[in-house]
Amino acid sequence: MIYRMKHGVFVSGTDTGVGKTQVACLLVRVLRLSGVDAVGMKPFCCGDRLDAERLDAANEGSVPMGLVNPVWLRVPASPYTASLVENRGVDVSLAREAYETLRAAHEVVVVEGVGGWAVPLTQSVWMNDLVVEWGLPVGVVAANRLGALNHTRLTVDAVRAAGVPLRGILWNEVHPVQGDPAQLTNRAVWEQLMPGLECWGLEHGAEALDLRMARVWGGLEG
């Protein structure tokens, strides 16, 4: 696989509801504030369109909503499942065209996934297939909670098996519980067991992201 795009990242998650949108928006905002022409997109939305609307706000309205979110299904399920319920196909070509348009026009494209790493879009195409096709490195958002070590290891192994570069892990305090042993130790234990992959942390409700992390995930620093 030839990675065509130096600047850009696919924001994946260990599961749904781990804070991918929050992280993608913060990435776009901090890069734009630092003078980088960064934009975000969510190729597939299922259920409401709030994630895409938040990315549109982070983009400061610089990208038409049809490019921010080219495919929108109303059923809150995987795109393939939603398409079965709605009795209509998922037009993956629209997502491809939107991504190529943004890639050609902007310095950094932050692509937010749907659900976790491997989510079905059609009967034959999964989200991770598109990540490989687009040549996007991956940043993994892990919800810092009980079970996160397992979910994170499975996700990292799957990304590496696909031959896709990993830009690090962000341990996100989605639902903090005071004194929770897993939340207090997950990151340190991960770094002890799985050294060599850069990690960051994000506190609950944080409104800013480390600039260096944003630049590493965006491909602007090694």
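To be clear, the structure that these remarks concern was listed above.
Notes on the structure in this doc start here. (Residues numbered from 1 in each chain as written. Predicted model: local features only at pLDDT ≥ 70, side-chain atom pairs only at ≥ 80, totals over all residues. Heavy atoms only, no water.)

### Notes on the environment of Ala82
For step 1, the next point in the chain: Mapped onto the secondary structure, Ala82 falls in helix α4 (residues 79–86).
For step 2, the next point in the chain: Sequence separation between Ala82 and Ala52 is 30 residues, and the spatial gap between their C-alpha atoms is 17 Å.
For step 3, the next point in the chain: Those residues within four positions of Ala82 in sequence are excluded, and the remaining contacts are Leu73, Val75 and Ala77. (Helix = DSSP H or I, 4+ residues; strand = E, 2+ residues; numbered from the N terminus. Contact = heavy atoms within 4.5 Å.)

### Some details on the sheet that holds strand β8 (residues 199–202)
For step 1, the next point in the chain: Taken in spatial order, the six strands line up as β2-β5-β1-β6-β7-β8 in an open sheet, and their pairing is parallel. Two strands lie at the open edges of the sheet, namely β2 (38–41) and β8, each paired on one side alone. The sheet shows a mean angle of 25° between the axes of neighbouring strands, direction not considered.
For step 2, the next point in the chain: Direction of pairing for strand β6 (residues 138–143) relative to strand β7 (residues 166–172): parallel, over a ladder of five bridges. Residue pairing in the sheet places Ala143 in a bridge with Asn172 of β7.
For step 3, the next point in the chain: Running over the sheet, helix α1 (residues 20–33) touches β1 (8–13), β2, β5 (108–112), β6, β7 and β8 and is turned about 170° from β5.
For step 4, the next point in the chain: Along the sheet face, helix α5 (residues 92–105) touches β2 and β5 and points at about 175° away from the line of β2. (Pairing = 2+ DSSP bridges. Axes fitted to C-alpha atoms, helices over the stretch in contact; angles between N-to-C directions.)

### Quick notes on α5
For step 1, the next point in the chain: An ideal rise of 1.5 Å per residue puts 20 Å on 14 residues; α5 measures up with 20 Å between its terminal C-alpha atoms.
For step 2, the next point in the chain: Of all the residues in α5, the buried ones are Val92, Ala95, Ala98, Tyr99 and Leu102. Summarising the axial view, the buried residues of α5 lie within an arc of 125°, below the 170-degree limit, and thus occupy one face. Residues of α5 that are exposed and angled more than 90 degrees away from the buried face: Ala104 and Ala105.
For step 3, the next point in the chain: Buried residues belonging to α5 abut β2, β3 (44–46), α3 (65–68), β4 (71–73), β5 and α6 (127–134). (Expected span 1.5 Å × (residues − 1). Buried < 20%, exposed > 50% of the residue type's maximum accessible area, 1.4 Å probe, protein only. Arc of directions from axis to C-beta.)

### Considering the nonpolar core
For step 1, the next point in the chain: Ranked by size, the top nonpolar core spans 73 residues in total, and within it Leu27, Phe44, Val138, Ile169 and Trp217 carry the most contacts.
For step 2, the next point in the chain: No other element matches α1, which puts eight residues into this core.
For step 3, the next point in the chain: Apart from the residues lying within four places of it in its own chain, the contact partners of Leu27 are Val9, Val11, Val110, Leu209, Ala214 and Trp217. (Core = buried A, V, L, I, M, F, W, Y, C linked by side-chain atoms within 4.5 Å.)

### Overview of the pattern of salt bridges
For step 1, the next point in the chain: All chains considered together, the criterion is met by 11 salt bridges.
For step 2, the next point in the chain: We note a salt bridge from Arg88 to Glu86, for which the minimum N-O separation is 2.8 Å.
For step 3, the next point in the chain: Accessibility expressed as a relative area gives 35% for Arg88, which makes it partly exposed.
For step 4, the next point in the chain: Given a relative accessible area of 23%, Glu86 falls into the partly exposed group.
For step 5, the next point in the chain: Between Arg96 and Glu133 there is a salt bridge, with the nearest N and O atoms lying 2.7 Å from each other. Taken together, the residues span a long stretch of sequence, with Arg96 in helix α5 and Glu133 in helix α6 at a distance of 37 residues.
For step 6, the next point in the chain: Judged by its relative accessible area of 34%, Glu133 falls in the partly exposed class. (Salt bridge = Lys/Arg side-chain N within 4 Å of Asp/Glu carboxyl O.)

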